[in-house]
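Residue-level structural notes
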Amino acid sequence: MRRITLRQALREAMQEEMRRDDSVFLMGEEVAEYNGAYKLSEGLLDEFGARRVIDTPIAELGFAGIGVGAAMNGLRPIVEFMTWNFAILAFDQIVNNAAKTLSQSAGQFGCPIVFRGPSGAAGQLAQQHSQTFESWMGNVPGIKVISTIDPYDAKGLLKAAIRDNDPVCVFESEILYNFPDAKGTMGKDKNGVVRPLPYESFGLVPEKEDYIVPIGKASIRRAGTDVTLVSFNKMVIECCYAAMELEKQGISAEVIDLCSIRPLDMKTVVESVKKTNRLVVVDESWPMFGVSAEIAYEVQRYAFDYLDAPVLRVNGADVSMPYAASLVEAYMPNPTKIIKAVKEVMYVKG
């Protein structure tokens, strides 16, 4: 096994699939000559040439539509958005065309396309560049939705998405592309304290092995017996850090990384809740009508008799993302907020 960053994992997935299948190509803003806005496509232009690594104008609706048309005609495009916030401009192509091609054509045309890029908050980028989109896309029939920051799963799931015959939306994290760092840590927090890996296997991938991770399967990042923490994307790390602190206080928290938003692996979640009898769902997006709300509904439907406390959610604040650093901190879920919710469902004071 070798430890690699999220950036390396995503690049290797695209590179390996482009070598395996010459119908796969990458398009997006700055993916070619500039090696990608986040350097995810570094070296791909040199290896595959300008016919398969294509720089596009700043026109998301336009190049998303070109990708959909290419997919309908037998190719397998990977469409990179510099951020999913910009993909709002392309929702007509994603929602009205890619998602509906198979049903509208009565099965005559498929649309094997991947839309990918970073989602969620990434520092002080303010309201229009800090939104999470998993619940937006997860609401649409005909689309599969992946959201993970673990390098092993990110690589295997992206490879699975590229091979999938349905459109797949892949959500990444801009601020975690370079983690784990060279020291095998998650860097330093705002106080300069080194943050350890959230779990031992973070960043480990098989050596020179072509592997696929199936879409629709959650991962248990930490085993526990007292409470279940369910999350996805970078909030999984906050859950793991909360679980580390809770362990010091004698509380055993199981952390589940959904990895896939549509389809949801509710079986893993429900089985965990049947064991722990308590659930806290952590989601950095707004609380109304989101992924956390769906998880809470599904658990009360399938594990109601096992619950010893109401399901609690820890979400981003129900406002547009502010700019000031102090307000960003107040907006976002963090270990302190998660621990508070855990103690509430466990009826523990303090």
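We now turn to the structure provided with this report. Just so you know, the residues in each chain are numbered from 1, in the order the chain's sequence is written. The model is predicted, so local features are restricted to residues of pLDDT at least 70 and side-chain atom pairs to those at 80 or more, both for listing and for counting; the totals for chains, interfaces and linings are taken over all residues. Values reported for side chains reflect all heavy atoms of the structure, with hydrogen atoms and water molecules removed beforehand.

Some details on the pairing of strand β13 (residues 279-283)
Residue exposure (1.4 Å probe, protein chains only): buried if accessible area is under 20% of the type maximum, exposed if over 50%, otherwise partly exposed. A run of H or I in DSSP counts as a helix once it spans at least four residues, and a run of E counts as a strand once it spans at least two, with each numbered from the N terminus. Most of β13 is tucked away: five of the five residues are buried. Residues Leu279, Val281 and Asp283 of β13 are buried on one face, and the alternating residues Val280 and Val282, pointing to the opposite face, are buried as well. Where strand β10 (residues 227-231) and β13 come together, three bridges link them in parallel fashion. Among the inter-strand pairings, valine 230 is bridged to a residue of β13, identified as valine 281. In this description, strands pair whenever DSSP reports at least two bridges between them.

Describing the nonpolar core
By nonpolar core is meant a set of buried Ala, Val, Leu, Ile, Met, Phe, Trp, Tyr and Cys residues that side-chain atoms within 4.5 Å join together. By size, the foremost hydrophobic cluster in this structure holds 68 residues, and its most contacted members are Val53, Leu158, Met186, Leu229, Val280, Ile338 and Val342. Element by element, the count of residues in this core is highest for helix α8 (residues 235-248), at nine residues. Residue contacts are counted whenever heavy atoms from the two residues lie within 4.5 Å of one another. Those residues in contact with leucine 229, other than ones at most four positions away along the chain, are Cys239, Ala253, Glu254, Val255, Ile256, Val280, Ile338 and Val342. Counting residues in hydrophobic clusters, the runner-up holds 43 residues, among them Ala87, Ala90, Cys111 and Leu307.

Quick notes on the packing of helix α3 (residues 60-72) against helix α4 (residues 91-98)
Angle between the axes and distance between the axes are the two parameters that describe a pair of packed helices. Orientation is described by lines fitted to C-alpha atoms, with helices fitted over the stretch in contact, and by angles between N-to-C directions that extend from 0 to 180 degrees. Where α3 meets α4, the closest approach of the two axes is 8 Å, and the angle between their N-to-C directions is 30°. If you check the angle between α3 and α4, you find them roughly parallel. When α3 is examined against α4, the residues Leu61, Ala64, Gly65 and Val68 are found in contact with a partner set consisting of Asp92, Gln93, Asn97 and Ala98. Across the contact of α3 with α4, the residue classes tally to four nonpolar, three polar and one charged. Reported orientations rely on four angle classes, namely roughly parallel under 35 degrees, roughly antiparallel over 145, roughly perpendicular from 65 to 115, and oblique for the rest. We call Asp, Glu, Lys and Arg charged. Ala, Val, Leu, Ile, Met, Phe, Trp, Tyr, Cys and Pro are nonpolar, and the rest, Gly among them, are polar.

Describing the pattern of salt bridges
The salt bridge definition used is simple: a Lys or Arg side-chain nitrogen within 4 Å of an Asp or Glu carboxyl oxygen. Scanning the entire structure with this criterion turns up 25 salt bridges. With its nearest N and O atoms 2.9 Å apart, the salt bridge here joins arginine 163 to glutamate 17. Taken together, the positions of arginine 163 in helix α7 (residues 151-163) and glutamate 17 in helix α1 (residues 6-20) put the pair 146 residues apart, joining distant regions of the chain. In this structure arginine 163 comes out as partly exposed when scored by relative accessible area, which is 28%.

Observations concerning helix α12 (residues 335-345)
Three or more residues of α12 are buried, namely Ile338, Ile339, Ala341, Val342, Lys343 and Val345. Taken together, the buried residues of α12 touch β10, α8, β13 and β14 (312-315). A side-chain oxygen of the first residue of α12 lies 3.1 Å from the backbone nitrogen of threonine 336; this N-cap is asparagine 334. Looking one or two places after α12, you find tyrosine 347, whose phi comes out positive at around 60°. N or O atoms closer than or at 3.5 Å make up a polar contact, with two conditions inside protein: a donor-capable atom paired with an acceptor-capable one, and, for residues adjacent in sequence, both atoms drawn from side chains.

Let's talk about the sheet that holds strand β6 (residues 144-147)
The strand order β3-β2-β4-β5-β7-β6-β12 describes an open sheet built from seven strands, whose pairing is mixed. Lying at the two open borders of the sheet, with one neighbouring strand each, are β3 (53-55) and β12 (260-262). Here the average twist between neighbouring strands, direction ignored, is 20°. Pairing between strand β5 (residues 114-118) and strand β7 (residues 168-172): five bridges, direction parallel. Paired with phenylalanine 115 across the two strands is cysteine 169, which belongs to β7. Those strands touched by α3 are β2 (24-28), β4 (76-80) and β5, and its axis lies near 165° from that of β4.

A closer look at the side chain of threonine 276
Looking at the secondary structure, you find threonine 276 in helix α9 (residues 266-276). A residue is classified by how much of its surface remains accessible, and threonine 276, at 1% relative accessible area, is buried. With near-sequence residues (within four places) excluded, threonine 276 lies in contact with Gly224, Thr225, Asp226, Val227 and Thr228.

All we've got here are geometric facts, nothing functional implied.
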